[in-house]
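One-letter residues, chain by chain:
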Amino acid sequence: MQRRAQRNQRAKRLTRALVCAGAVPVMLVAAGCSSDSGSEEGKDKAAGASASASASPSPTVRAAAYKTLPESCKVLAKKTLEDLAPKAKAGKEGNSDDVSTRASCSWSSLDNNGVKGSQFRWLNVSLLRFESDATRGAGDELAKEYYDKQVRDAQAAEGARKTEAEPLAGTGDEATAVRYELKKKEGTFKQQTVVARVENVVVTLDYNGAGLAGDRTPSADDLMKDAKKAAAEAVAAVTKANGAGSGTGGPSGSPSKSPSKSASASTSASAEKASSKS
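Computed from a predicted structure; not experimentally measured. (Residues numbered from 1 in each chain as written. Predicted model: local features only at pLDDT ≥ 70, side-chain atom pairs only at ≥ 80, totals over all residues. Heavy atoms only, no water.)

J.: Which residues make up the environment of Thr68, and what are the values?
T.: Mapped onto the secondary structure, Thr68 falls in the loop between helix 1 (2-55) and helix 2 (78-84). For the pair Thr68 and Arg129, spaced 61 residues apart in sequence, the C-alpha separation works out to 7.5 Å. Setting aside residues no more than four positions away along its own chain, Thr68 makes contact with Ser100, Arg129, Ala241 and Asn242. (Helix = DSSP H or I, 4+ residues; strand = E, 2+ residues; numbered from the N terminus. Contact = heavy atoms within 4.5 Å.)

Here it is as structure tokens:
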């Protein structure tokens, strides 16, 4: 009886050992399944985050209103050129890698009257167009920055005397006229600079005149009147080249900033001084 009891006890212990041994792989398998499940869940979350990031909208900026520039040597009418630079044979186009972005043209006129002296005139029109850039900003804002710099540069011209500046109405979205004198050995040059911005384009018009070899010095008021007229023509040429009519204001033909706002709304819905002084 005693031996039988001992055999039964050993059998029970062996059975328990086998049961425990068999349970270990089950636990490991369960643990392994649990681990795989967590890994797949992590991958799903990562994929979801990536999809969310790719679905996020990229930074946008309103499109520039104007996409091109007119031919620089044709922005002024023949009659205007005859008035401002009567002896100029033809305009001299400035160098540019892209005339749809940067362009200029100059005219030089010398009315030589021999011993009686001469009348000199120099005219230059510079056009600079700014594209909208997601990093730098909207085209009209970049043009505004350049416009302000052009006005400051005109007012701070080296050797300038009797500098005056005045705002102009009806010439683009904003415009400023600057006048001063430059004293040179040839005579006193009366310099007129008109800087105008229409949307994302800046127009800088330089016009100066002098009486040489003892001839009379031209009237600054007369020169400025002609410069303002020519600047308005150049601005109108810019708007016309972009299919925006022939007015002297923005695309609507009036000096208003509403065209920029319209361009902004549309976009949201769909997603050197170039003169050398003579």
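We are not done yet, so read on.
J.: Tell me about the layout of surface pockets, and name the residues and values.
T.: In this structure, the largest pocket encloses a volume near 210 Å³. Residue lining of the largest pocket: 15 residues in total, with Arg121, Tyr207, Pro218, Leu223 and Asp226 positioned closest to the centre. Per-element accounting of the lining of the largest pocket gives the leading share, four residues, to helix 4 (residues 220-241). When grouped by side-chain class, the residues that make up the lining of the largest pocket number five nonpolar, three polar and seven charged. (1 Å grid on protein atoms, 1.4 Å probe; cavity = no way out; pocket = protein on both sides within 12 Å on 5 of 7 lines; lining within 4 Å. Points joined across faces, edges and corners; volume = space filled by probe spheres on them. Nonpolar A, V, L, I, M, F, W, Y, C, P; charged D, E, K, R; others polar.)

J.: If you had to explain the state of the cysteines to someone new, which residues and values would you point to?
T.: As enumerated under the stated definition, the model contains one disulfide in all. One disulfide in the model links Cys73 with Cys105; its S-S distance is 2.0 Å. Disulfide Cys73-Cys105: torsion about the S-S bond near 95 degrees, hence right-handed. With a gap of 32 residues between them, Cys73 in the loop between helix 1 and helix 2 and Cys105 in strand 2 (residues 102-112) connect regions that are remote in the sequence. (Disulfide = S-S within 2.5 Å.)

J.: So what's going on with helix 4? Which residues, and what values?
T.: Along an α-helix, residues three or four apart share an orientation, since each turn contains 3.6 residues. Between its first and last C-alpha atoms helix 4 spans 31 Å; for 22 residues at 1.5 Å apiece the expected length is 32 Å, and the two agree. At the C-terminal side of helix 4, Gly243 shows a positive phi close to 65 degrees. (Expected span 1.5 Å × (residues − 1).)

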